[in-house]
Amino acid sequence: MSFLNTSKIMLKSLFSKPSTGMYPAKKREPFAATRGSIENRISDCIFCGICQKKCPTGAITVTRDAKTWEIDRLKCLACGACVAPCPKKCLDMKNNYAPSVLTKSTDRFVQKSPGTESKPDA
Ligand code: SF4
Ligand code: SF4
């Protein structure tokens, strides 16, 4: 490539809009269909364990006796294989990603009593 061609490209780049976004100053909103984090409306969960069996990475742990549902978000591929087979339709895939973490942990949902909402206590 000649010096003239290179100079032309440099000048064009200097005066044109950048192709990349100005992250983190300007964050892009997620698309509506983005596959993001899995949430469980734990009040409706019956702890059948189907989601655990369907998960290809073993990210979900269901404990029927303790009425807990846990997800290891570092193992989750956001494939959605757990959502459709849930008989109570209490699993939902949000369009936001789980926040970055410094240590490994699981999000643990506990059903205090049927019909009661509960947040992860990780
Ligand atoms: S498939 Fe649905 S109802 Fe069954 S354990 Fe998973 S979240 Fe709960
Ligand atoms: S979205 Fe896929 S990888 Fe993530 S918990 Fe569900 S089945 Fe497992």
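As shown above, the structure is provided for reference.
The structure presented is a predicted model; accordingly, all values stated were derived computationally and were not measured. (Residues numbered from 1 in each chain as written. Chains lettered and ligands numbered in written order. Predicted model: local features only at pLDDT ≥ 70, side-chain atom pairs only at ≥ 80, totals over all residues. Heavy atoms only, no water.)

## Here's the deal with the pairing of strand β2 (residues 60–63)
Turning to step 1, where the next piece is worked out: Side-chain alternation along β2 places Ile60 and Val62 on a buried face and Thr61 and Thr63 on a face that remains uncovered.
Turning to step 2, where the next piece is worked out: Inspection of the sheet shows β2 paired to strand β3 (residues 68–71) by four bridges, in the antiparallel sense. Considered in β3, the bridge of Ile60 is made with Ile71.
Turning to step 3, where the next piece is worked out: Adjacent in sequence and paired antiparallel, β2 and β3 are bridged by four residues, among which Lys67 carries a positive phi angle near 55°. (Buried < 20%, exposed > 50% of the residue type's maximum accessible area, 1.4 Å probe, protein only. Helix = DSSP H or I, 4+ residues; strand = E, 2+ residues; numbered from the N terminus. Pairing = 2+ DSSP bridges.)

## Quick word on the nonpolar core
Soluble, globular proteins show a tendency: their nonpolar side chains are buried together.
Turning to step 1, where the next piece is worked out: Membership of the largest hydrophobic core comes to 16 residues, with the highest contact counts inside it found for Cys51, Ile60, Trp69 and Leu91.
Turning to step 2, where the next piece is worked out: Those elements giving two or more residues to this core turn out to be β2 and β3.
Turning to step 3, where the next piece is worked out: Excluding its chain neighbours within four sequence positions, the residues that come into contact with Trp69 are Ile38, Asn40, Ile42, Phe47, Cys51, Ile60, Thr61, Val62, Leu91, Asp107, Arg108 and Phe109. (Core = buried A, V, L, I, M, F, W, Y, C linked by side-chain atoms within 4.5 Å. Contact = heavy atoms within 4.5 Å.)

## As for the pattern of salt bridges
Turning to step 1, where the next piece is worked out: All chains considered together, the criterion is met by five salt bridges.
Turning to step 2, where the next piece is worked out: Ionic pairing is found between Arg73 and Glu39, a salt bridge with its closest N-O pair at 3.4 Å. Taken together, the positions of Arg73 in the loop between β3 and β4 (91–93) and Glu39 in strand β1 (residues 38–40) put the pair 34 residues apart, joining distant regions of the chain.
Turning to step 3, where the next piece is worked out: A relative accessible area of 19% places Arg73 in the buried class.
Turning to step 4, where the next piece is worked out: As a salt-bridge pair, Glu70 and Arg108 come within 3.9 Å of each other at their nearest N and O atoms. On the criterion of sequence distance, the pair formed by Glu70 in strand β3 and Arg108 in strand β5 (residues 107–110) is long-range, its members being 38 residues apart.
Turning to step 5, where the next piece is worked out: Given a relative accessible area of 18%, Glu70 falls into the buried group.
Turning to step 6, where the next piece is worked out: A network of salt bridges, in which partner residues are shared, links Glu39, Arg73 and Asp107. (Salt bridge = Lys/Arg side-chain N within 4 Å of Asp/Glu carboxyl O.)

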